[in-house]
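Summary of the model geometry
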Amino acid sequence: MGYTKKQDSSGRTECRICPEGTYQPDEDGTHCLPCPQGFYSNRRGSVRCIKCPENAWTPTSGMSSFFDCTGPSIQLFNDEEHQERFVIAYGSSTPPAIPLGFKMEFKYARVLSGKWSLNGGERLGEGELIKTEEVFRIEDLDTKINNEFCYFPLDLNKFSGKINKTRSGMYCASWDGQPDTDNYCVTDKTKQGQERPGNEPWCLEPEQRKPVSCGVPVCGWDTVCKSTEKGHEYRGSLTRTDLGYDCRNWKADWPHPNADYDNEADFGVGEHSYCRNPDPGYPTIFCYTTNWLKRFDNCDVPLCTSQPRYIFKSGAKSKTSASFV
């Protein structure tokens, strides 16, 4: 298991170990199998592949790294026979672009990973199909992005990924100096007498035990503009409204009482006063103000000039996938 067996011309059995990105679960397997989409294998000789985090997916099969797992993914179709397929994946470090002449209207979508909703409706999970009578556009879709495979600079401490490699690809040193103990990347400002190098997850490199970056990608949130009118994906640091009011901390009760929002943390609401939109039914980004006479006000965040990020094309008959730049 984890290798293949073949007989050469002389009748001798030749064993070959399966490379990264593949696996072989059987003792008498003759071919290494590529990890399916949504899985990866980062070691040679694997007998099984590792599943990406709950909200993540891979742009193609045969992936060999945790970093090949990109954020919530949905497959879009613009014909009933599903012959031309496109996949949108949030959380990738690859910039987006739209191919020339591509029709950006759809009637069908299948969730590959994560939770997705259309026009603020019910969130659908893995394998569920969105089908509408009217066409919809990419910007009508909304999703929840996790922080296991990427991190948010404004909410660094919420990173919870189990990553234990440095940016250069070396395994991190264990924090207590003992073999086979915790060596995962952390976000603490200081640990074991060492200081965090920058504002990103870090660990200790194995040779001199110096603090180094883990190279975890930044999650695909908007920080200076909004990809959609409602702006649920905005994670910028604007703290003043369109009419000039100062924003109140979302967790404060003064001078106005809090409203209750379902899963507000998924929309970026926390111990801060940044403009956000945690209300699926509200048309744009807003905040509660510090003014007694104005409970809340909209925030003037412009629409992004480019199309939504991280689009991968996957042909119905093709085994390859290409990202657009």
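For the rest of this paragraph, the subject is the confidence of the model for the protein chain. Detail in the predicted coordinates should be disregarded across regions flagged by low pLDDT. Mean pLDDT over the protein chain stands at 78; residues scoring 70 or higher make up 79%. Between residues 91-102, whose pLDDT stays under 50, and residues either more than four places distant or in other chains, the model counts 29 contacts. Under a pLDDT of 50 for its full length, residues 306-325 has, in the predicted model, 63 contacts with residues more than four places off or in other chains.

If you look at soluble globular proteins, the nonpolar side chains tend to sit buried side by side. Within the largest apolar cluster, 20 residues are counted, with the highest numbers of intra-cluster contacts made by Tyr40, Ile163, Trp175, Cys185, Cys203, Cys214 and Val216. The residues touching Cys203, leaving out its near neighbours within four places in the chain, are Thr166, Cys172, Trp175, Cys185, Lys210, Pro211, Val212 and Cys214. Counting 13 residues, the second-largest nonpolar core is a separate cluster that includes Trp250, Cys275, Cys299 and Val301.

As a further point, take the state of the cysteines. Counted under the stated rule, the structure contains 6 disulfides. Across a sulfur-sulfur distance of 2.1 Å, Cys172 and Cys203 are joined as a disulfide pair. Sign of the S-S torsion, about -75 degrees for the bond between Cys172 and Cys203, identifies this disulfide as left-handed. Linking Cys172 in the loop between β12 (141-143) and β13 (190-191) with Cys203 in strand β15 (residues 202-204), this pair joins segments that are 31 residues apart in sequence. Here Cys172 and Cys203 have matching classes, each one buried.

Turning our attention to the pairing of strand β1 (residues 3-7). Strand direction decides the pairing type here: β1 and strand β2 (residues 13-17), joined by 5 bridges, are antiparallel. If you follow Tyr3 over to β2, its bridge partner there is Ile17. In textbook terms, the turn of a hairpin is the stretch between consecutive antiparallel strands, and for β1 and β2 this stretch comprises 5 residues, one of which, Gly11, has a positive phi near 95 degrees.

Let us look at the packing of aromatic side chains. Tallying each qualifying case throughout the model produces 11 aromatic pairs. Seen from their ring centres, Phe286 and Tyr288 are 6.0 Å apart, and the 80 degrees between their planes marks the pair as edge-to-face. As far as burial versus exposure is concerned, Phe286 and Tyr288 are alike and both buried. An aromatic cluster is present here, built from Trp250, Tyr261, Tyr282, Phe286, Tyr288 and Phe296 joined pairwise through their rings. Directly above the aromatic system of Phe39 lies the positively charged group of Lys51, at a separation of 5.8 Å from the ring centroid. Lying across the ring of Trp175, Lys191 places its NZ or CZ 4.7 Å from the centre.

Definitions and cut-offs
Numbering of residues starts from 1 in each chain and follows the order in which that chain's sequence is written. A pLDDT threshold of at least 70 governs which residues receive local features in this predicted model, and a stricter bar of 80 or more applies before side-chain atom pairs are shown or counted, although totals over entire chains, interfaces and linings include all residues. Think of the side-chain values as coming from all heavy atoms in the structure, minus any hydrogens and water. How sure the predictor is of each residue is captured by pLDDT, a score from 0 to 100. Contact definition: two residues touch when any of their heavy atoms are within 4.5 Å. Grouping buried Ala, Val, Leu, Ile, Met, Phe, Trp, Tyr and Cys residues that are joined through side-chain atoms within 4.5 Å yields what is termed a nonpolar core. Exposure is judged per residue with a 1.4 Å probe applied to protein chains only, and the accessible area is read against the type maximum: over 50% gives exposed, under 20% gives buried, and values in between give partly exposed. In what follows, a disulfide is any cysteine sulfur pair within 2.5 Å. We count a stretch as a helix when DSSP gives it H or I for four or more residues in a row; a strand needs E for two or more, and each element gets its number in order from the N terminus. Strands qualify as paired when DSSP identifies two bridges or more between them. Only rings of Phe, Tyr and Trp enter the pairing, Trp through its six-membered ring, and a pair is recorded when the two centres are within 6.5 Å. The plane angle decides the type: under 30 degrees is stacked, over 60 is edge-to-face, the rest tilted. Definition used: whenever NZ (Lys) or CZ (Arg) falls within 6 Å of the ring centre and also within 35 degrees of the ring normal, the charge is taken to sit over that ring.

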